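# Descriptive analysis of the structure
What follows is the residue order along each chain.
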Amino acid sequence: MINIVLHCPEIPQNTGNIARTCAATGAALHLIRPLGFTIDDRKLKRAGLDYWDKLNITYYDNEEAFFRLHADKTIYCFSTKSPRSYTEVTYPEDVYLMFGRETAGLPEHILAERPDTCVRIPMREGLRSLNLSNSVAVAVYEVLRQRDFAGLLSEGTPTTFSWEDVR
């Protein structure tokens, strides 16, 4: 199981896009409050389109509630401050990928408590960060790549599609 954890996300469109990625890949979504929007936000729903019924989503009142419930789990923290690339990790079967808010990333105390599981997505020097929904997609698909995209249609998967059908 891939678990995507968003710590206090602020932008509804990002969370909606992430929800869509989770639905398409079978990943579970965990949202830690406070959120910068309401769950019935029109922008959130639009970005997630009609995938909300295909989503496994859990809400937590605060980070303490999340960590208390998942104390025995390995949680990979994505941060621009980590020296290790996300591709240098072999992710376990039941993996938690945690991302911080768009404007500040993950709080320093979370990173300090988990130095061995902090990873980064490489990018050019001098730039602040990637978009949150893009970062989540990069991370999810790295875990899926390591698992040979088990359970998903992938390149080379036989289908009934033919280019002749397009004409």
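Relevant structure appears above.
In this text the structure is predicted, and so the values were computed from the model without any measurement.

### Re the overall build of the protein
Assigned secondary structure in the protein consists of six helices and six strands. The linear arrangement of helices and strands in the protein, starting from the amino end, is β-α-β-α-β-α-β-β-α-β-α-α. Across the 167 residues of the protein, 42% fall into the buried class. Here the analysis covers contacts within the protein between residues at least 6 apart in sequence; of these, 77% occur between residues at least 24 apart. Surface accessibility of the protein: about 9700 Å² in total, with carbon and sulfur atoms responsible for 51%.

### Here we look at the pairing of strand β5 (residues 95–99)
The buried fraction of β5 is high, at five of five residues. Neither face of β5 is exposed, since V95, L97 and F99 on one face and Y96 and M98 on the opposite face are all buried. Looking at chain direction, strand β1 (residues 2–7) and β5 are connected through five bridges and run parallel. When the bridges of β5 are listed, N3 appears paired with Y96. Alignment of strand β4 (residues 75–78) against β5, held across three bridges, turns out to be parallel. Across the sheet, the residue bridging to Y76 is L97, located in β5.

### A short note on helix α1 (residues 12–25)
Over its 14 residues, α1 extends 20 Å from the first C-alpha to the last, a length consistent with the 20 Å expected when each residue adds 1.5 Å. Burial analysis of α1 places 10 of its 14 residues in the buried class, the great majority of the element. Within α1, the full set of buried residues consists of P12, N14, T15, G16, I18, A19, T21, C22, A23 and T25. Looking one or two places after α1, you find G26, whose phi comes out positive at around 85°.

### Some thoughts on the packing of aromatic side chains
As enumerated under the stated definition, the model contains six aromatic pairs in all. Centroid distance Y141 to F149: 6.4 Å. Interplanar angle 40°. Geometry classified as tilted. Joined through ring pairs, the aromatic side chains of Y60, F66, F67 and Y96 make up one cluster.

### Concerning the nonpolar core
Nonpolar side chains in soluble globular proteins tend to end up buried together. Core analysis: the largest hydrophobic core is formed by 28 residues, its most contacted members being I4, F78, Y91 and L97. Listed by contribution, the elements that provide at least two residues to this core are β1, α1, β2 (28–32), β4, β5 and α5 (132–146). Per element, the largest residue contribution to this core is six residues, and it comes from α5.

Rules used throughout
- Residues numbered from 1 in each chain as written.
- Predicted model: local features only at pLDDT ≥ 70, side-chain atom pairs only at ≥ 80, totals over all residues.
- Heavy atoms only, no water.
- Helix = DSSP H or I, 4+ residues; strand = E, 2+ residues; numbered from the N terminus.
- Buried < 20%, exposed > 50% of the residue type's maximum accessible area, 1.4 Å probe, protein only.
- Contact = heavy atoms within 4.5 Å.
- Areas by Shrake-Rupley, 256 points an atom, 1.4 Å probe, with all protein chains shown as cover.
- Pairing = 2+ DSSP bridges.
- Expected span 1.5 Å × (residues − 1).
- Phe/Tyr/Trp six-rings, centres within 6.5 Å; stacked < 30°, edge-to-face > 60°.
- Core = buried A, V, L, I, M, F, W, Y, C linked by side-chain atoms within 4.5 Å.

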